[in-house]
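Residue-level listing of the chains:
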Amino acid sequence: MTDFDADAIVVGGGLTGIAAAIALAQSGLQTIHLAPEAPPDHRTSALMQPSVSYLTGAGLIGAPGQIGHPLTQIRIIDATPRLLRAPETLFDAAEAGLDAFGWNFANIRLTDSFQTAARALPNLTTRPTALASLTTNSEGSLLTLTDGTQLRAPLVVGADGKKSSVRATAGFAVHEHNFSQAALVCDLTLGRPLGGTSVEFHYPQGPFTLVPAGGNRANLVWIDDLAVLKQAQSLAPEAFIATLLEKSQRLFGAVALATPSFIFPLSTLTVDRAGADGIVLVGEAAHAFPPIGAQGLNLGLRDVADLSAALASIDRTQPGWAARLSTDYARRRAADLKRTGSMVDTLFRSLLQEMLPAQALRAGGLWALKLSPALRKQAFGLGMGQL
Ligand SMILES: Cc1cc2nc3c(=O)[nH]c(=O)nc-3n(C[C@H](O)[C@H](O)[C@H](O)COP(=O)(O)OP(=O)(O)OC[C@H]3O[C@@H](n4cnc5c(N)ncnc54)[C@H](O)[C@@H]3O)c2cc1C
């Protein structure tokens, strides 16, 4: 299989897929990006400062303020009726010597900006066709598309999300757990704006978070049992708003719906290794978590950054470069994927935990963070993926 159509084929047109296709093309690879038309992505992404620096450095976005909103504070309110409640805690970016922890972006705006950057690269071709099947041998992979076209490349990047067919057909071992909780997202307008403060109300079934979206607008991310969210979504607008007012403890004055709401099921997904045999997995093809601590896309962008770093250290004139690259990529990603996965999992389960020892640990942890600047600094670093 030497008659290649490209050096690399990226499968999946989500944010991680576009970022990966751009990174490969910027590294000089002839790249084909398979990005079939998908429904608009109504999620928003809080991206930490290192991710924002990556995006601006790689030319994926301009100045973050053009399309995003700074996150300067995080306020956590324990809204559980538990015996051992955590103190209200405020984290301020200034304490970490930063202007902002990061920025909040609408995924639709990020997608537009990434696509504009992709169009400017002459060695990147985007095709609106999905992958149907894939076979791999020691030289490379043969991809059959849904329109019957066949494409060959030494390197394949699976960026095709949680249900990745690249991952499945290439035989990567995967561990998955579906939660009974889901996330409801929508935009609200608030009588009293959030400024730069993201406010998290912690309820027994999961957090109810309002993230600054500019002016008096907020992005709601409400995690709860799927049935509760579906029931809330089916209410008449006035009754839905009454529920939101109650959940937000009426702290923000009048609340109005600015967009329809959308529900996302929640799961965790991990792979034993993120690359082998000339195939690498990025984004939710390799890892998925509940949206706690805003880690998903941040982690996906670190995948892409490590893919670029691995490419920079490989001699592509030698046969078998793609297989060596995929092994090196898996090695580079292993520790970060493990650390971030277990951090989010522990955090999510601790929020839902009804057992008294777990509540004591969580409340104690937040007291410790509230009282100790050194611990807070460490937590900032961990949350921002810097440790
Ligand atoms: C409610 C919610 C809030 C979140 N908030 C944050 C946050 O604040 N910060 C953060 O960092 N992360 C956040 N995340 C996580 C973040 O949204 C995801 O990690 C990220 O968007 C995943 O991008 P992706 O490109 O890997 O996957 P997807 O966005 O799932 O993209 C996969 C793409 O692959 C395509 N595809 C599938 N099969 C094929 C095929 N056979 N051929 C070709 N293409 C195919 C699909 O059409 C899709 O376009 C949140 C997630 C949720 C659910």
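Look up a bit, the structure's there.
Now for a look at the structure at hand. (Residues numbered from 1 in each chain as written. Predicted model: local features only at pLDDT ≥ 70, side-chain atom pairs only at ≥ 80, totals over all residues. Heavy atoms only, no water.)

Another aspect to go through is the sheet that holds strand S10 (residues 141-145). Here we have 3 strands laid out as an open sheet, ordered S9-S10-S11, and antiparallel in their pairing. In this open sheet, the two edge strands, each paired with only one partner strand, are strand S9 (131-136) and strand S11 (150-153). Across the sheet, the mean angle separating the axes of adjacent strands is 20° when strand polarity is ignored. Pairing geometry for S9 and S10, over 5 bridges, is antiparallel. Considered in S10, the bridge of Leu134 is made with Leu143. (Pairing = 2+ DSSP bridges. Helix = DSSP H or I, 4+ residues; strand = E, 2+ residues; numbered from the N terminus. Axes fitted to C-alpha atoms, helices over the stretch in contact; angles between N-to-C directions.)

Once that is clear, we can look at the pairing of strand S15 (residues 206-212). Most of S15 sits inside the fold, with 7 of its 7 residues counted as buried. The antiparallel pairing of strand S14 (residues 197-203) with S15 creates a hairpin that spans 2 residues between the two strands. (Buried < 20%, exposed > 50% of the residue type's maximum accessible area, 1.4 Å probe, protein only.)

This part is about the environment of Ala276. Structurally, the position occupied by Ala276 is in strand S19 (residues 275-276). Placed 52 residues apart in sequence, Ala276 and Asp328 show a C-alpha to C-alpha distance of 8.8 Å. Setting aside anything within four residues of it in sequence, one finds Ala276 in contact with Phe172 and Ser326. (Contact = heavy atoms within 4.5 Å.)

In this section: the packing of aromatic side chains. The way to describe two aromatic rings as a pair is by their centre distance and the angle between their planes. Scanning the entire structure with this criterion turns up 3 aromatic pairs. Seen from their ring centres, Phe201 and Phe208 are 6.1 Å apart, and the 65° between their planes marks the pair as edge-to-face. The residues Phe201 and Phe208 share a single accessibility class, namely buried. Centre to centre, the rings of Phe208 and Trp222 are 5.7 Å apart; their planes meet at 65°, and the pair counts as edge-to-face. Placement of the pair is Phe208 in strand S15 and Trp222 in strand S16 (residues 217-225), with a sequence separation of 14 residues. Classification of Phe208 as buried rests on a relative accessible area of 1%. According to the relative accessible area criterion, Trp222 is buried, its value standing at 2%. (Phe/Tyr/Trp six-rings, centres within 6.5 Å; stacked < 30°, edge-to-face > 60°.)

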